[in-house]
Amino acid sequence: MSYSRRRLFEVELFVFEPGTCTLLSGRNGAGKTTLLKIAAGLLKPDRAIVRIEGRDFTWRAARPFLRHRVIYLHQFPYMFNTSVAKNIAYGLRQLRIPRAETKARVSQALEWSGLEELAERDARTLSGGEKQRVALARARVLSPDVLLLDESLSGLDPEARQQTYFLIRRMVSEQVAVVVATHDYELLRQLGDRHLILTDAGHLEDRSPKTTAAPSSHARAPNISPPRRRGQ
Amino acid sequence: MNEIVTATERAIGLLISGDPGLWAIIGISFSVSLRAILIATPFALAVALLLTLGHFYGRRLLIAVFNASMAVPAVVVGLSIYLLLSRSGPFGDLKLLFTQSAMVIGQILLAFPLLVAMAHSALQAAERSAWETALTLGARPWRALFTLMYEVRFALIAAIIAGFARIIAEVGCSMMVGGNILNYTRNITTAIALETSKGEFAQGIALGLVLLALALTLNLLLNLMQGKGELA
């Protein structure tokens, strides 16, 4: 991928393993966000081949597959100008899921994220941590294969971080391949099964400690607590 | 002073009594300006979306041109259209000069840069993340566009109101290309100019009152929409 005629990176292989949380680090400007957005079908690469279930596609041909199966979450998730419940239902409406099923899946997602009591609140008035939970619930309701989080845990208070960690781990345990772009090595200790570094030379290097190569489990993150409802 | 009071009393009398000549002029004004804004709006929105989401050479220059074009005097637009539509002009064969169609064309050109500039600024305020969030959650590009526009709907309505306010109150262009023909191209502003030059102040004041009431209503609506647009 090149940007303004500057070659940003040339990644040979980026594999998304189900049920694995991959930490993606690299210095500022290395291209982490760009790489994630390409993977989510949001940004056009100079050249890329996408392999889905053993079949190779060009990036353009793969783009319709990537949407809603590979979900990208911004550092500061965008909340649509409506209620929490309608934010979560957005993707289901785009996929034309029947109304009754949408309602059931939204209410399950609200419960999953501990947001039941905020269902009718204007999503824009929520705190940063709550917005992250809405964004995760909004993604999870679509049963994605891959979830890409771009510095999503930066700027959250410790409690909100723990709640977000918990939801991320739950998604990993549901066999979602999660990639988190971050500078935070504490996160690596708590969440990371794999650690990839986007180097200054524009290559992707696997720096996973041998001991963390095993599939993830809740047991590796004993400090993580489920999201608490408001007022608790 | 007495003369002004008497003329104003007569003006109010004309308005209340439903003077057919007066209301025909008001009808022409609304008919021409509404047609112009209805035609200009979809094209202006498309251009604004292109300027917001597109990446192409000359994008910034185009934005600057549209911003600068907002200040072009109506009489200059009128002169340009006059030259194009006059018998010796390139579109003289269309015989559009001194017709309502010519007035509509002029008002489209007057409203267009304002609509593009205001809509572009509204869409930019929605952040690129709104567009990307819609796409990653499975929206097709055209649905994502509607989501983006819906997110900034109040600011977009404000742009349309501002565009309408600009064209219904302009005089230079309508006078030059419409020709101020009674019951055909005589609108509020050209009628005010004519009646005042004849010393017939009552009708001028009556039409002025209509224009003032309209300006006040549109500005109130504009403030209301811009206030809500803050969310977008």
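All figures in this text were calculated on a predicted structure; none of them were measured in a lab.

Asks: Would you mind going over the overall build of chain A with me for this structure?
Replies: Of regular secondary structure, chain A possesses seven helices and 10 strands. Counting every position in chain A, which comprises 232 residues, the buried fraction comes to 54%. Counting contacts in chain A only where the partners sit at least 6 residues apart, residues at least 24 apart contribute 71% of the total. In the structure as shown, chain A presents an accessible area of about 11,500 Å², 50% of it carried by carbon and sulfur atoms.

Asks: Can you help me understand the sheet that holds strand β10 (residues 204-206) of chain A in this one?
Replies: Two pairing modes exist for strands in a sheet, parallel and antiparallel, and in both the strands are linked by backbone hydrogen bonds. All names here are of chain A. Overall, mixed pairing links the six strands, which are arranged β6-β7-β8-β3-β9-β10 in an open sheet. Edge positions in the sheet fall to β6 (70-73) and β10, since each has one partner strand and no second. On average, adjacent strands in this sheet sit at an angle of 20° to one another, irrespective of strand direction. Summarising the sheet, strand β3 (residues 21-25) and strand β8 (residues 177-181) pair through four bridges and their orientation is parallel. Of the residues in β8, the one forming a bridge with Leu24 is Ala181. Its contacts with the sheet place helix α1 (residues 32-39) against β3, β6, β7 (146-150), β8, β9 (194-198) and β10, and it is angled at close to 155° to β7.

Asks: What is the right way to look at the pattern of salt bridges in this model?
Replies: Close approach of charged atoms lets side chains of opposite charge pair. Enumeration over the complete set of coordinates arrives at 12 salt bridges over all chains. Between Arg105(A) and Glu101(A) there is a salt bridge, with its nearest N and O atoms 2.9 Å apart. Of the two residues, Arg105(A) and Glu101(A) both sit in helix α4 (residues 99-113), four residues apart, roughly one turn of that helix. Note on Arg105(A): relative accessible area 22%, which makes it partly exposed. For Glu151(B), the salt bridge goes to Arg124(A), with nearest N and O atoms at 2.7 Å.

Asks: Sorry, what's going on with the nonpolar core here?
Replies: For soluble globular proteins, the rule of thumb is that nonpolar side chains tend to be buried together. In terms of nonpolar packing, the biggest core is built from 91 residues, with Ile88(A), Leu136(A), Leu147(A), Leu148(A), Ile168(A) and Val178(A) touching the most fellow members. Setting aside anything within four residues of it in sequence, one finds Leu147(A) in contact with Ile71(A), Leu73(A), Leu136(A), Ala139(A), Met171(A), Val176(A), Ala177(A), Val178(A) and Val179(A). In terms of nonpolar packing, the next biggest core, distinct from the first, is built from 37 residues, Ile37(B), Ala40(B), Ala111(B) and Phe112(B) among them.

Asks: I would appreciate a short explanation of the interface of chain B and chain A in the present structure.
Replies: In this complex, chain B contributes 19 residues to the contact, which on the side of chain A involves 20 residues. Buried area between chain B and chain A, both sides added, is near 2,000 Å², and the carbon and sulfur share of it is 50%. Our count for the chain B to chain A interface comes out at two salt bridges. A salt bridge links Lys37(A) to Glu132(B); the nearest nitrogen and oxygen atoms lie 3.0 Å apart. Here chain B is connected to chain A by nine residue pairs in polar contact (both at pLDDT 80 or more). By residue number, the principal contributor to the side of chain B that touches chain A is helix α6 (residues 128-136) of chain B, which donates seven residues.

Calculation notes
Positions within a chain are numbered from 1, following the residues in the order the chain's sequence is written. Labels follow written order: the first chain is A, the first ligand is 1, and so on. Per-residue local features of the predicted model are confined to residues with pLDDT of at least 70, and side-chain atom pairs are confined, for both listing and counting, to 80 or more; whole-chain, interface and lining totals are unaffected and use all residues. Calculation of side-chain values draws on the structure's entire complement of heavy atoms; hydrogens and water are dropped beforehand. Secondary structure elements follow DSSP: runs of H or I no shorter than four residues count as helices, runs of E no shorter than two count as strands, and numbering proceeds from the N terminus. Categorising residues by exposure relies on relative accessible area from a 1.4 Å probe, with only protein chains included: less than 20% of the type maximum marks a residue as buried, more than 50% marks it as exposed, and the intermediate range marks it as partly exposed. Any pair of residues with heavy atoms lying within 4.5 Å of one another is described as a contacting pair. The accessible surface values rely on the Shrake-Rupley method and a 1.4 Å probe; as for residues, cover is taken only from the protein chains in view. Any two strands between which DSSP finds at least two bridges are classified as paired. Fitted lines through C-alpha atoms serve as axes, helices being fitted only where they are in contact, and the angles separating the N-to-C directions of these axes extend from 0 to 180 degrees. We define a salt bridge as a contact between a side-chain nitrogen of Lys or Arg and a carboxyl oxygen of Asp or Glu at a distance within 4 Å. Here, nonpolar core refers to any group of buried Ala, Val, Leu, Ile, Met, Phe, Trp, Tyr and Cys residues whose side-chain atoms link them within 4.5 Å. Buried area: the accessible area, evaluated with a 1.4 Å probe, that two parts lose upon being put together, summed over both parts. Distance and chemistry together define a polar contact, namely a pair of N or O atoms within 3.5 Å, with one atom able to donate a hydrogen and the other to accept it when in protein, and with adjacent residues in sequence counting only for side-chain atoms on both sides.

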